[in-house]
Amino acid sequence: MQLIFDDEYFMRKALNEASYAYEKGEIPVGVVVVINQQIIARGHNFTEMLNDVTAHAEMQAITAAANFLGGKYLKDCTMYVTLEPCQMCTGALYWSQLSHLVFAATDHERGYRKLGGQLHPKTTVKSGVMEEEASKLLKRFFIERRNLN
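Residues numbered from 1 in each chain as written. Predicted model: local features only at pLDDT ≥ 70, side-chain atom pairs only at ≥ 80, totals over all residues. Heavy atoms only, no water.

K.L.:
How would you explain helix 1 (residues 7-23) if you had to name every residue and give the values?
P.N.:
Compared with the 24 Å implied by 1.5 Å per residue over 17 residues, the 24 Å span of helix 1 between its first and last C-alpha is a close match. Among the residues making up helix 1, those that are buried are Phe10, Met11, Ala14, Leu15, Glu17, Ala18, Ala21 and Tyr22. The buried residues of helix 1 all sit within an arc of 160 degrees when viewed along its axis, so they share a single face. After helix 1 finishes, the residue Gly25 shows a positive phi value of roughly 80 degrees. (Helix = DSSP H or I, 4+ residues; strand = E, 2+ residues; numbered from the N terminus. Expected span 1.5 Å × (residues − 1). Buried < 20%, exposed > 50% of the residue type's maximum accessible area, 1.4 Å probe, protein only. Arc of directions from axis to C-beta.)

Structure representation (structure tokens):
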């Protein structure tokens, strides 16, 4: 008997990754990439640790998933990410030909939809999965950062 996991199950795994980023002082964004109900890649932000503006969670996960699959295309894959991707990550997702994108919280300032980014025409998008949990973690992070400065 095969277990069938839902969007919340995988988004919870992405939130775990976001928590790892939070603990490291990184903006708490996490991601998992799934194919056939199996997580093949995980990632969270490493921009501060690596001193690299391109070290977003999605970029880490795209590379890991491509390595797992042995090819650059993420066809038949679903990416679960705790925050709406930025333009840079959306461009990478476009070129990877990701089949499905599921994200939790909307990024009203830097999200790809606000800034006109585009996904591959065949990529489906679902938003708002566990949005409240993801938003709370992000808000807590930025409140703490403001209080430190």
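Structure's up, so let's keep going.
K.L.:
I'd love a proper account of the UniProt feature "active site" (unreviewed entry) in the protein, names of residues and values included.
P.N.:
Mapped onto this numbering, the UniProt entry gives "active site" (unreviewed entry) at Glu58. Relative to the assigned elements, Glu58 resides in helix 3 (residues 57-69). Classification of Glu58 by relative accessible area gives buried; the value is 4%. The contact partners of Glu58, leaving out residues within four places of it in the chain, are Val31, Met79, Val81, Leu83, Pro85 and Cys89. (UniProt positions renumbered as here; feature names shortened; annotations may be inferred. Contact = heavy atoms within 4.5 Å.)

K.L.:
Can you break down unusual backbone geometry residue by residue, with the values?
P.N.:
In this model, Gln97 sits at a positive phi of 60 degrees, which is unusual for a non-glycine residue. Looking at the secondary structure, you find Gln97 in the loop between helix 4 (87-96) and strand 4 (100-105). A positive phi is found at Met130, a non-glycine position, where the angle reads about 60 degrees. With relative accessibility at 7%, the residue Met130 sits in the buried group.

K.L.:
Can you tell me about the pairing of strand 2 (residues 38-44), naming the residues and giving the values?
P.N.:
Note on strand geometry: in a regular strand, side chains alternate between the two faces of the sheet. Alignment of strand 1 (residues 30-35) against strand 2, held across six bridges, turns out to be antiparallel. Within strand 2, the position partnered with Gly30 by the bridge is His44. (Pairing = 2+ DSSP bridges.)

K.L.:
So what about the environment of Arg140? Which residues, and what values?
P.N.:
Within the secondary structure, Arg140 is located in helix 6 (residues 131-148). Residue Arg140 is classed as partly exposed on the basis of its relative accessible area of 43%. Taking the C-alpha atoms as reference points, Arg140 and His44, 96 residues apart in sequence, are found 17 Å from one another.

K.L.:
Describe in detail the packing of aromatic side chains, supporting the description with residues and values.
P.N.:
Two aromatic rings, taken as a pair, are described by how far apart their centres are and by the angle between their planes. Counted under the stated rule, the structure contains seven aromatic pairs. With a centroid separation of 6.1 Å and 65 degrees between ring planes, the pair formed by Tyr22 and Phe141 is classed as edge-to-face. Note that Tyr22 is positioned in helix 1 and Phe141 in helix 6, a separation of 119 residues in sequence. For the pair Tyr22 and Phe141, a shared accessibility class is recorded, and that class is buried. Ring geometry for Tyr94 versus Trp95: centroids 5.2 Å apart, planes at 75 degrees, classification edge-to-face. Judged by relative accessible area, Tyr94 falls into the partly exposed class, the value being 27%. Residue Trp95 is classed as exposed on the basis of its relative accessible area, which comes to 65%. (Phe/Tyr/Trp six-rings, centres within 6.5 Å; stacked < 30°, edge-to-face > 60°.)

K.L.:
Explain the packing of helix 3 against helix 4 to me, using residue names and the numbers behind them.
P.N.:
For any two helices packed against each other, the geometry comes down to the angle between their axes and how far apart the axes lie. Axis separation between helix 3 and helix 4 bottoms out at 9 Å; the angle between their running directions is 20 degrees. By the angle between their axes, helix 3 is roughly parallel relative to helix 4. For the pair helix 3 and helix 4, the crossing hand works out as left-handed. Facing helix 3, whose interface residues are Glu58, Met59 and Ile62, helix 4 presents Met88, Cys89, Ala92, Leu93 and Ser96. Among the residues forming the contact of helix 3 with helix 4, the class breakdown is six nonpolar, one polar and one charged. (Axes fitted to C-alpha atoms, helices over the stretch in contact; angles between N-to-C directions. Parallel < 35°, antiparallel > 145°, perpendicular 65-115°, else oblique. Left-handed = near helix turned anticlockwise from the far one by under 90°. Nonpolar A, V, L, I, M, F, W, Y, C, P; charged D, E, K, R; others polar.)

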